Amino acid sequence: MDIRELSFRSLTPITAIPARRDRLRISGSPDPISTLYELARFCKTRLQQWVGCDQNQFTILYEDRGQPSAIAQCLASFRPRDGRSVEIGAIGQEAINLSQPNYEKYLLELCNYQFCKIFSAINPKAVQSWRKRIYSQKSPQIIQNLAEARCYLTFDFWRDAEDHLVLSLNFANDYRSLYTIDRLDLANFPARQRLIQTYDGNSCEWVGLATMTIGEPLPFLGNQSLLNYHCDRQNLRESDRRSLDPNQPAVLVKYPNRSDPSPHIPQLLKTIYDRSELKESDLKNLILPIQERYKSALAAMQAINRRSFFCGDRMEFATDLYSPVSLSHFATGARDRNLYFGTSVQRPDTKDCYTEIWQGWKARKLANKPDVVRAQLIFPKSWEQPARSYMNQLRKQLEQFQISLKSAGENRYYDPQNAISVRQSCQNLPDLDFVFAFIPDGQDREYNAQVNPYNTLKEQLNRQGIGSQMIARKTMNQPGSDGHYQNLVFGMLAKLGYTPWQLRSMPGTAQAFIGLDLGRKGDRTIGASAFVVDRAGQTIGWSSTVLQRGETFSKPSLRMILLDLFTEFQQQTGEPLRHLVVHRDGTLKNDELATLDTLAQELKASGLEQLDLVEIVKDTIVRAALRDRDPETGGDRWINPPRGWGWLHGENQAIVLTTGDKQKQNANATPRPLLVRRRRGETDVMILAEQVYWLSEMHIGSSQVTRLPITTHYADRIAEMALKGLLPLEVRHERRLYFI
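The present account deals with the structure reproduced in this document. (Residues numbered from 1 in each chain as written. Predicted model: local features only at pLDDT ≥ 70, side-chain atom pairs only at ≥ 80, totals over all residues. Heavy atoms only, no water.)

Turning our attention to the overall build of the chain. Of the regular secondary structure elements, the chain holds 17 helices and 39 strands. Radius of gyration (C-alpha) of the chain: 29 Å, near the 27 Å computed for a compact globule of 740 residues. Dimensions of the chain along its principal axes, counting C-alpha atoms only, are 85 × 65 × 60 Å. Burial analysis of the chain (740 residues in total) assigns 53% to the buried set. For the chain, the proportion of contacts with a sequence separation of at least 24, taken over those separated by at least 6, is 71%. As displayed, the chain offers around 33500 Å² of accessible surface, 45% of which is attributable to carbon and sulfur atoms. (Helix = DSSP H or I, 4+ residues; strand = E, 2+ residues; numbered from the N terminus. Rg over C-alpha atoms; globule rule 2.2 N^0.38 Å. Buried < 20%, exposed > 50% of the residue type's maximum accessible area, 1.4 Å probe, protein only. Contact = heavy atoms within 4.5 Å. Areas by Shrake-Rupley, 256 points an atom, 1.4 Å probe, with all protein chains shown as cover.)

Structure (structure tokens):
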């Protein structure tokens, strides 16, 4: 198959890029690192050239254009935004070459700057350099007099094994309100509501109402008011300025690169909608299919080549899509029909293996299951007849898998308008395996948001370690589809601690995989949300720790997770854990790496021989396209490829298509691959990528549109449930997946 990245490769390798690195001393600042970043932005704006900073070495870096006096003038004239007086001095300088591998981060920053500079010359207000977004100059499309969709180009650079620069492009929309926030109910804005500035598209988050007015002089604006400040920068027209009351309160917003909130004018801010808040039917024609993305990306590359892109020397890019290196289809050859659903009664030596999960379901096969499930029913009393009818249909489905569904005790009733009644229905339950609870949802006439039976029942049952399935009235009253029963049966088995299917084989020598994720709620973080499986994809256990602060796992929580894992693995298998792979959702922080490095050395005494640390990046902009023949014109066209493909994407990185042309919700959508990055370990990155793919086939619901491997997907789910208060504060050594 001719599969390509929506990326373009430079015609020539990267040449030497002369640069300088100045080591600084900053005195008089309460937060020198923040001041260093602010200084770099100041120099970049003043000199109109790229300036980066390294907080670990406390240096600024910039291209060497023979301008030391200009840099010195910037250091002398810089004043922090908070108005404090600081002293900055250069205490060491050295010449460097940004094309060297140890400066790769700064090389890519320079490329991003040069790319944005080209588009800023066309329309500076269309460019969001820090978000790597270039907004289209076309008029936005209106959605139901509610929101407007604005298309933007997003990009990323990377370097291939032959030192060529590769530019990846993609296109997306943001969805912002038609109205500025002064026309909305500010008193009920949720914390961290996403906002966007009307004049430049930069985003921020809602903090609250400010104590100052929009007409009040502010010291950090040079004693200008917000009104005058935004008029001077032509963010606010003079006619609009005259219509505003200077005594109107300002609002407070927070920017990603600033620690403190900033005051703003509400008439210059709009809310941003998430796609999930809008109807899928309204979005269908707004999402570009892959063929249109290709055409737009090609036009962007041709514009770049015409306007001269500099990375040391002038650089041009090929206009053919980038052909991936080490392209491999994982679900073929030795791992064709790799999903194991058990053995036949008639032929116990024969394994029932399938390519797709739904094939095992259609054959009514399961790798692991109970013979009997003792279930408790909970529902509003007036729902008894339809609830019993629903359960009779489910009982017939389970009988096809030789599973007997029996009653654990008398049915429990609750009043959906009474929170105490809902809680009491979960108390003093009989000896049981599972609970089926019938509930009103948000569209039901009996739904009471204050009572919220779903959350109440889940919280009560999860805290008792009881698996449950919530069934809405609409689901209860309509005939069940085959897909509905598949999700329900698979989910029930997982919550009971059974694995409906396993992997017949797994590449590499890893014996276990652990997924780590953090969930945030304001300034709180639920720490070590971890999910562990063996090489067959079977659950070893999961855990969640108490709340902690910060963006990283604490050292004690990481130690607890790994030590627990070693103990559990040895108890279950009777052998030591010699090779472990850790999947981190997102980026492993320096503190986490240091803790894991120390633990790896410590655990050698317990048998650990190899530890791979892998980052699973789900927000990569890379997209893939498959060359096909257009049936109408006979020429080439680009379509979405199938899932299961992977390829190298720079040093220690690979791209994995865990979804493809058939696994997407919108007809025009382009499946989003995962970026797999090796941070520690000796395992080949393509083997790590293939492991990620197969683990993405292992979680309940993977027959639907789910991209992540079971390790990080379930760790994310654990963190989400814990943040909602629907799990105990700390769980250890649990195998039943009652959180799904």
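Assignment of secondary structure puts Lys458 in helix H11 (residues 453-463). Spatially, the C-alpha atoms of Lys458 and Gln393 are 24 Å apart, while their sequence positions differ by 65 residues.

Before going further, it helps to spend a moment on the pattern of salt bridges. A complete count under the given rule lists 42 salt bridges for this structure. A salt bridge links Asp174 to Arg133; the shortest N-O distance between them is 3.9 Å. Within this pair, whereas Asp174 is found in strand E11 (residues 164-180), its partner Arg133 is found in strand E8 (residues 133-135), the two being separated by 41 residues in sequence. Judged on exposure class, the residue Asp174 and its partner Arg133 are both buried. Asp482 serves as the salt-bridge partner of Arg364, at 3.6 Å between the closest nitrogen and oxygen. A residue pair is termed long-range when its members are at least 10 positions apart, and Arg364 in the loop between helix H8 (357-362) and strand E22 (372-379) and Asp482 in helix H13 (residues 482-495) qualify at 118 residues. Here the salt bridges share partners, and the residues they tie into one network are Asp2, Arg4, Arg627, Arg629 and Asp636. (Salt bridge = Lys/Arg side-chain N within 4 Å of Asp/Glu carboxyl O.)

In this section: the sheet that holds strand E5 (residues 59-63). Read across the sheet, four strands follow the order E4-E5-E3-E6 without closing on themselves; strand pairing throughout is antiparallel. Only two strands of the sheet have a single neighbouring strand rather than two, namely strand E4 (51-54) and strand E6 (87-97). Across the sheet, the axes of successive neighbouring strands diverge by a mean angle of 25 degrees, strand direction being ignored. Alignment of E4 against E5, held across four bridges, turns out to be antiparallel. Considered in E5, the bridge of Cys53 is made with Ile60. Most of the contacts of helix H1 (residues 32-47) go to E4, to which it runs at about 165 degrees, and overall it touches strand E3 (18-27), E4, E5 and E6. Where helix H2 (residues 68-77) meets the sheet, its contacts fall on E3, E5 and E6, and the angle it forms with E5 comes to roughly 140 degrees. (Pairing = 2+ DSSP bridges. Axes fitted to C-alpha atoms, helices over the stretch in contact; angles between N-to-C directions.)

As a further point, take the state of the cysteines. Under the defined criterion, the tally for this structure stands at zero disulfides. You can see Cys204 has no disulfide; the closest cysteine sulfur is in Cys231, sitting 19 Å from it. (Disulfide = S-S within 2.5 Å.)

Geometry only, nothing functional implied.
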